[in-house]
Structures are given as structure tokens and as C-alpha cells.
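# Coordinate analysis (summary)
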Amino acid sequence: MTGLPIAVVGASAAGLAAAEALRRFGWRGPLTLIGDEPHLPYDRPPLSKQLLQGAWAPEKLLLRTADQLAPLDLDLRLGTRATGLDVAGRTLTLDGDVGVSPLAQGRERGTLRCAGVIIATGVAARTLPGADRIAGVHTLRTLDDALALRGRLANGGTPGSEGVAAGGGGRRLVIVGNGVLGCEAAAVARELGHEVTLVGIEATPMAAAVGTEVGELLAEEHRARGVRLLTGAVDGFETAPADPAGGGDRRVTAVRLAHGGTPAGEGRASGGVAAGGGGAEGRLLPADLVLLAIGSRPGVDWLDDPALDTGDGLRCDAYCAAAPGVYAAGDVARWDHPVHGRPLRFEHRMNATEQGMAAARNLLAELAAEASGPAGATAAAGAEAAAPAPERRPFAPVPYFWSDQYAVKLQAYGLTAGADRVETTVLDRAARRALALYGRDRSAVGVLAAGLPPRQVRALRAVVAAPLPWEEARERIAAALAAG
Ligand SMILES: Cc1cc2nc3c(=O)[nH]c(=O)nc-3n(C[C@H](O)[C@H](O)[C@H](O)COP(=O)(O)OP(=O)(O)OC[C@H]3O[C@@H](n4cnc5c(N)ncnc54)[C@H](O)[C@@H]3O)c2cc1C
């Protein structure tokens, strides 16, 4: 055995699941987990929900404590960024200067030759040019992002608060981007008492993810709770000096809309008014705080080996392999879904865990095959320490995601984005209970439930586990609903 490690890059949901699965499936060689954040792996969905609300402390988000990680015998390198990968040599370049590492061991810099690599670098929040230099403009992807925003929401919009104080709301928050993240943050900020404007280029919130009818149901809930919904593109910010002496970063005072902006759901042709009342000033949305929730960029900028396709995430085959000995999992991976027959990439929490496990399993199977093959012994010699290899298996999950906004829980199986047909049944408008079926090429491929009990929702999963003829799926959905 050469003692080469398997390296997992990205110490979050997918990376942790991969590391744990490698051990569970029998890898007893060295195992390196590399993450550029200084924190132990933590869970992201609560960032825009319980953490932002102030209901949960940051420690509650940890996926594992240091004690729980100990049995994995990890070479854990936090605060360390992977800056390059030589695919043919399976060699990573690492840079330890990206943050404060509580586990710094003075060996983060340099190169790391590996038996295999799993890439789980997720996505990063998209932002607007210059926004990072304006006080009061935030993104929401990391724990540090969420704590910074929560501090501002807790303290009526001014910096310096540590926790969420009851009744500390009341400032003007403009959320740019009316997708899932923007909607979740709007709900929390409204519940904390802030004045919230949600502006996006889609006329209906979350329409790209769930279609216009479900989106409109959510829009009704946001309006009923006092959120102002606008349609428009943002082209910049108005700022003022942070303090009268002009020191420090400038602070945001307003968001500038490119074309005025109309109340969501009203096209300009139907007489929608410009935000704030029209005219030059009408293009400004006054703001003490801004959240940019305008999507994400897959974490592939460090992968410059031409052997890899990094067009929209890291392109993988059906086994989650991007190249021999190199696998990917989670938000960063775009792989050939064997059931849906096309490359897909999901930013869903459950997919991160499931794909991390699948990538680990398939990498071990490949390494074991390499070790037993004619050219085996060098690159993959660590695989002899793994359990007898199973065959590699295509990764074929039934996608699942959820979102919580106020008391409304959305749960979806299959594919809801990119549908060419959506049929929505509103079961109770006031309670925002609904069921939607999503189709593509005459088959049903996704289903979404709003406000339905978990037992009923689980029964829907089987309907869209694989594309099903539309009519048959409708009948099965109706039967599942009737069964209560
Ligand atoms: C605020 C928020 C709310 C969400 N809510 C939901 C929800 O309700 N339901 C749902 O299904 N999903 C939700 N998601 C999505 C879900 O959290 C993600 O799908 C999941 O976290 C993806 O896990 P991952 O491990 O693939 O990537 P990530 O969690 O993005 O982790 C990737 C890690 O790799 C690190 N990294 C990146 N580049 C490098 C590098 N070069 N070297 C070293 N480390 C690197 C990153 O810093 C990061 O720590 C939410 C996401 C966010 C941000």
C-alpha cells in the first residue's frame, strides 16, 4: 500500500457524507477532508430559517461535533482552499491562507497526491459588482453571511448586534431576487417586524422553480403578511458615508431599479406603477439593508485542468465520475441522470447527502478495480484496504426539496423546474394548501405539495420516481389525495 489518501474537497453536506461513506464502505487508508471555511461541517437550510430568525444558535447547525468526527480518523484541513487539480496525476494544490483554521496544523500549503478525489465544493452566492464594498448589502450562503445578516436584522438594521432581540425590527429591507432563498428570508424578516420589499425579474415569486400558480399562492401569503412584491431588474445602489466624517465603507441608502419596477403580477402594459411613485426618484427603493438572493455560481473556478468540463457545474457521467479517479457530489455536480436521460444539477440538501454517498461508493469500486487490474498497483494501492468492491452503480435519485415560508411548507419530488406543463389543484386557498403536477414531453416528472401532511406527501414520491404518462400520473395523484 502506497498510503495515498482519498481527498474530499468541500467540507459541507456532500463532502461529509462522502467521507463518512468512504469509511463505512471500508476505506481504511488516509482520508483528507478539505474545506475553505473555518467551521466544522454545518447545515445550510436553517441559515435562512431558524438561524436568521434567532431561534437557533450556530452550534445547532453543526452536522457533526469534533467528537463525532473523531472515529473517522480524518486529516481535516479547515480554512484551506483547493486551488488546482491535476487530473492525470490526481494531485491537488492547496492554499491555507483563506481563513482562520481552528485545526491549523501548519501543513495546508502545497500539493497533495491522491488515490482518488471527490469534489464537493457546492456553489457560492452571486453578487453585483461593487456590492461587497457597501455596508448593509448582504448575501446569504454561509454561516458567517447568515450571522452578519441576523445581527443587522436583530438590531433594527444597524451593525454591532450579537443576537436577535425581541421587537428589534422595523427597518427597510430590500431583498433582490424572488426565488426560494429570497422568499424564505422575506418571511423571516417580516416576522421579525421589518419593512420588506421583495424585488425580482420574475413577475411571480419562485415561478422558475415551481411554476406561476404555486408561485402566486405564495405571493398571496407574502402580500397578506405585508411584504411588498415588485418586478424589476436592479442596476445598482445609492449610498451615503458610513459616518459623518466619511470614514469606513459607504452604507446603502437605496436600491436602484433599471426600469422602474412594477408591482409583481402587473405588467407595465396593465398600468403598473413605478416603484416609489414614478419619475427619476421612482427608480429608487429606499433601503437600510439589502439582501442579494440572485442565484449562485458552482464552485468550479479553481478547476482549470482542461480534462474537466466545468460549463455549468462539474460535468460527470451517470456514476458521478468527472474523470478517472475524480468524482463529484452535491450542488457542484452536473451528472447524467440515468432515469431522466439528461444532465442535471440540483441545489437540494438531500441530494448533497445521497450523491456524496454514491460518489464515495463508486470511487471505491473504481479504485478496487484499478488495484486488481494490470496497471493497478500504484495509483490505487490504498484500495486494497477497502472492502471487496461492488460494481459501480449509476446515481438515480428521486430529487426532493422543501422550503418553509411562514407556516407554509412546500415539499417537492422529481423535477419541478423546466416543466412544459403544470397542473395545480388549490385545495384550500386561505390555508395555502395545494398540489401541483409537473410535466415534460407528455410525461409527469415532478409533484409539489403545499401544506399537506407528511404521510400524504410521501405517497406522492412513487408517482414521479420515473417519468410516467401524464394521465396515469393524474389518476394516481387523485387516488393518493382521496386516500387522505
Ligand atoms: C440559506 C440556504 C437555505 C437552503 N434551504 C434549503 C431547503 O430548505 N431545502 C433544500 O433542499 N435545500 C436548501 N438549501 C440548499 C442546500 O443547503 C444545499 O443543497 C447543500 O448545502 C449543498 O451541499 P454541498 O455540500 O453540495 O455544498 P455546500 O453546502 O455549498 O458546501 C460546499 C463547501 O465547499 C467549500 N469550498 C468551495 N470551494 C472550495 C475550494 N476550492 N476548496 C475548499 N473548499 C471549498 C465551500 O466553502 C463550502 O463550505 C439551502 C441553501 C442555503 C444557502
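Small disclaimer: the values here were computed from a predicted structure and weren't measured.

### Looking at the sheet that holds strand β4 (residues 81–86)
Taken together, the three strands give an open sheet; going across it, the order is β4-β5-β6, and neighbouring strands pair in antiparallel fashion. Where the open sheet ends on each side, the last strands, each with one partner, are β4 and β6 (110–113). Strand-to-strand twist in this sheet, taken as the mean axis angle between neighbours without regard to direction, amounts to 30°. One ladder, built from four bridges, connects strand β5 (residues 91–95) with β6; its direction is antiparallel.

### Notes on the nonpolar core
Of all hydrophobic cores here, the largest spans 65 residues; its most connected members are Leu22, Leu85, Leu92, Ile118 and Ile119. The contacts of Leu85, once residues within four sequence positions are left out, are Arg90, Thr91, Leu92, Val117, Ile119, Trp302, Leu303, Asp305, Leu308 and Val326. Among the nonpolar cores identified, the runner-up in size contains 42 residues, and Leu149, Ala189, Leu192 and Ala293 belong to it.

### Quick word on helix α1 (residues 13–24)
Compared with the 16 Å implied by 1.5 Å per residue over twelve residues, the 16 Å span of α1 between its first and last C-alpha is a close match. Most of α1 sits out of view: eleven of its twelve residues are buried. Where α1 is concerned, the buried positions are Ala13, Ala14, Gly15, Leu16, Ala17, Ala18, Ala19, Glu20, Ala21, Leu22 and Arg23. Tucked into the core, α1 has its buried residues touching β1 (6–9), β2 (31–35), α3 (66–69), β7 (116–119) and α8 (349–372). At the C-terminal side of α1, Gly26 shows a positive phi close to 110°.

### Things to note about the sheet that holds strand β22 (residues 326–328)
The sheet built from six strands is open, its strands ordered β3-β2-β1-β7-β22-β21 with mixed pairing. Only two strands of the sheet have a single partner each, and these edge strands are β3 (75–78) and β21 (321–323). Ignoring strand direction, the axes of neighbouring strands in this sheet form an average angle of 20°. By the bridge criterion, four bridges tie β1 to β7 in an arrangement that is parallel. Looking at the pairing, Ile6 lines up with Gly116 of β7. Each of β1, β2 and β7 is contacted by α1, which is oriented at about 160° to β1, the strand it contacts most. Along the sheet, α8 contacts β1, β7 and β22; its crossing angle with β22, the most-contacted strand, is approximately 165°.

### Regarding the site of the ligand
The local shell around the ligand holds 33 residues, among which Asp36, Glu37, Arg44, Lys49 and Asp331 are the closest. Between the ligand and the protein, one listed contact pairs an oxygen atom with a side-chain N or O atom of Ser12 at 2.8 Å. Between the ligand and Arg44, the relevant distance is 2.5 Å, taken from an oxygen atom to a side-chain nitrogen or oxygen of the residue. In the complex, the protein chains occlude 93% of the 1,000 Å² of accessible area that the ligand would expose alone. Secondary structure elements with two or more residues in the shell around the ligand: α1, β4, α5 (180–191), α8 and β25 (400–405).

Reading guide: rules and limits
Residues numbered from 1 in each chain as written. Predicted model: local features only at pLDDT ≥ 70, side-chain atom pairs only at ≥ 80, totals over all residues. Heavy atoms only, no water. Pairing = 2+ DSSP bridges. Helix = DSSP H or I, 4+ residues; strand = E, 2+ residues; numbered from the N terminus. Axes fitted to C-alpha atoms, helices over the stretch in contact; angles between N-to-C directions. Core = buried A, V, L, I, M, F, W, Y, C linked by side-chain atoms within 4.5 Å. Buried < 20%, exposed > 50% of the residue type's maximum accessible area, 1.4 Å probe, protein only. Contact = heavy atoms within 4.5 Å. Expected span 1.5 Å × (residues − 1). Near = heavy atom within 4 Å. Polar contact = N/O pair within 3.5 Å; in protein donor to acceptor, adjacent residues only side chain to side chain. Areas by Shrake-Rupley, 256 points an atom, 1.4 Å probe, with all protein chains shown as cover.

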